[in-house]
Amino acid sequence: MRTALIDLRTVARDDRGLRIALAGELDFFTVEHVAPRLRELAGSGHRNLILDLRGLSFCDSAGIAFFTQLERHSREAGTRLLLCDVPPQVIKSMRVLAADRDLNLVVS
């Protein structure tokens, strides 16, 4: 059995929205540990769900696919998903997979 190498924590909750930090490795195995909670938060009525990704050391195609699914889920729930401080290697992977067209990447 593999131990989850991903951490999810609330950083701030204010009038701009909810800011969540992800740290560690987001891959096929670890996405299942954070996906239910992030989907729940996306539908909890916040104007923005801001994911701070500066602590992400690795993100494979399953993690990127999850971000695009979460963006869709958030939009349907009336919440805007924003990805901030995305590591350069993750941005590169998003571009290769053309996911950067569907995701809101912001500089904070």
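Just so you know, the residues in each chain are numbered from 1, in the order the chain's sequence is written. This being a predicted model, a pLDDT of at least 70 is required before a residue's local features are given, and a value of 80 or more before pairs of side-chain atoms are given or counted; all residues contribute to the totals for chains, interfaces and linings. Excluding hydrogens and water, the side-chain figures rest on all heavy atoms present in the structure.

## Description of the packing of helix H1 (residues 31–42) against helix H2 (residues 61–76)
Which entries qualify depends on this criterion: As a rule, the C-alpha atoms of each element are fitted with a line to give its axis, helices using only the stretch in contact, and angles between N-to-C directions run from 0 to 180 degrees. Secondary structure is summarised from DSSP: a helix means a run of H or I of at least four residues, a strand means a run of E of at least two, and numbering begins at the N terminus for each. Any angle between 65 and 115 degrees counts as roughly perpendicular, while under 35 counts as roughly parallel, over 145 as roughly antiparallel, and the rest as oblique. With the far helix as reference, a near helix turned anticlockwise by less than a right angle produces a left-handed crossing, and one turned clockwise produces a right-handed crossing. We call two residues in contact when some of their heavy atoms are within 4.5 Å. In this classification, Asp, Glu, Lys and Arg are treated as charged, Ala, Val, Leu, Ile, Met, Phe, Trp, Tyr, Cys and Pro as nonpolar, and every other residue, Gly included, as polar.
Packing of H1 against H2 leaves a shortest axis separation of 10 Å and a crossing angle of 15°. Compared by their axis directions, H1 and H2 come out roughly parallel. Crossing of H1 against H2: the hand is right-handed. Touching Val 31, Ala 35, Leu 38, Arg 39 and Ala 42 of H1 are Ala 62, Phe 66, Gln 69, Leu 70, His 73 and Ser 74, all from H2. In the contact of H1 with H2, the residues fall into seven nonpolar, three polar and one charged.

## Quick word on the nonpolar core
Operational definition: Residues belong to one nonpolar core when they are buried, are Ala, Val, Leu, Ile, Met, Phe, Trp, Tyr or Cys, and are joined through side-chain atoms within 4.5 Å. Burial classes follow relative accessibility: with a 1.4 Å probe on protein chains only, a residue under 20% of its type's maximum area counts as buried, one over 50% as exposed, and anything between as partly exposed.
Counting residues in hydrophobic clusters, the biggest one holds 27 residues, and the most contacted among them are Leu 38, Leu 51, Leu 56, Phe 67, Leu 83 and Met 94. Every element with two or more residues in this core is listed here: strand S2 (17–26), H1, strand S3 (48–59), H2, strand S4 (80–84) and helix H3 (88–96). It is H1 that provides the largest number of residues to this core, a total of six residues. Beyond its immediate sequence surroundings of up to four residues, Leu 38 is in contact with Leu 8, Ile 20, Leu 22, Leu 49, Leu 51, Phe 66 and Leu 70.

## Concerning the packing of aromatic side chains
For any pair of aromatic rings, the description rests on two quantities: the centre-to-centre distance and the angle between the ring planes. Quick reminder of the rule: Stacked, tilted and edge-to-face are the three classes assigned to paired rings of Phe, Tyr and Trp, where Trp is represented by its six-membered ring and a pair needs centres within 6.5 Å; plane angles under 30 degrees give stacked, over 60 edge-to-face, the rest tilted.
What the rule picks out here adds up to two aromatic pairs. Seen in terms of ring centroids, Phe 28 and Phe 29 are 5.4 Å apart; in terms of plane orientation they differ by 85°. Their pairing is edge-to-face. Owing to a relative accessible area of 56%, Phe 28 belongs among the exposed residues under this scheme. Both rings, one in Phe 66 and one in Phe 67, keep their centres 6.3 Å apart while their planes meet at 45°; by these two values the pair is tilted. Across this residue pair, the class does not change: Phe 66 and Phe 67 are buried.

## A word on the side chain of Glu 71
By the element assignment, Glu 71 lies in helix H2. Judged by relative accessible area, Glu 71 falls into the buried class, the value being 11%. Other than its neighbours up to four places away in sequence, Glu 71 contacts Leu 81, Asp 102 and Leu 103.

## Concerning the pattern of salt bridges
Inclusion rule: Salt bridges are counted wherever a side-chain nitrogen of Lys or Arg sits within 4 Å of a carboxyl oxygen of Asp or Glu.
The final tally for this structure, using the stated rule, is eight salt bridges. Among the ionic pairs, Arg 19 bridges to Asp 85, the shortest N-O distance being 3.9 Å. Pair noted here: Arg 19 is in strand S2 and Asp 85 is in the loop between S4 and H3, with a separation of 66 residues, a long-range link. Using a relative accessible area of 18% as the deciding quantity, one classes Arg 19 as buried. For the salt bridge of Asp 100 with Arg 95, the shortest nitrogen-to-oxygen distance reads 3.9 Å. In this structure, a network of salt bridges that share partners links the residues Arg 19, Asp 52, Arg 54 and Asp 85.

## Examining the sheet that holds S3
Rules: Any two strands with at least two DSSP bridges between them are considered paired.
In spatial order, the strands read S1-S2-S3-S4-S5; together these five strands make up an open sheet with mixed pairing. Of all the strands in the sheet, the pair left with one neighbour each is strand S1 (6–14) and strand S5 (105–106). Relative to S3, S2 runs parallel, the two sharing eight bridges. Note on S3: the bridge partner recorded for Ile 20 is Leu 51. Where H1 meets the sheet, it contacts S1, S2 and S3, and its direction lies at approximately 170° from that of S2. Against the sheet, H2 contacts S2, S3 and S4, and its axis sits at roughly 180° relative to S3.

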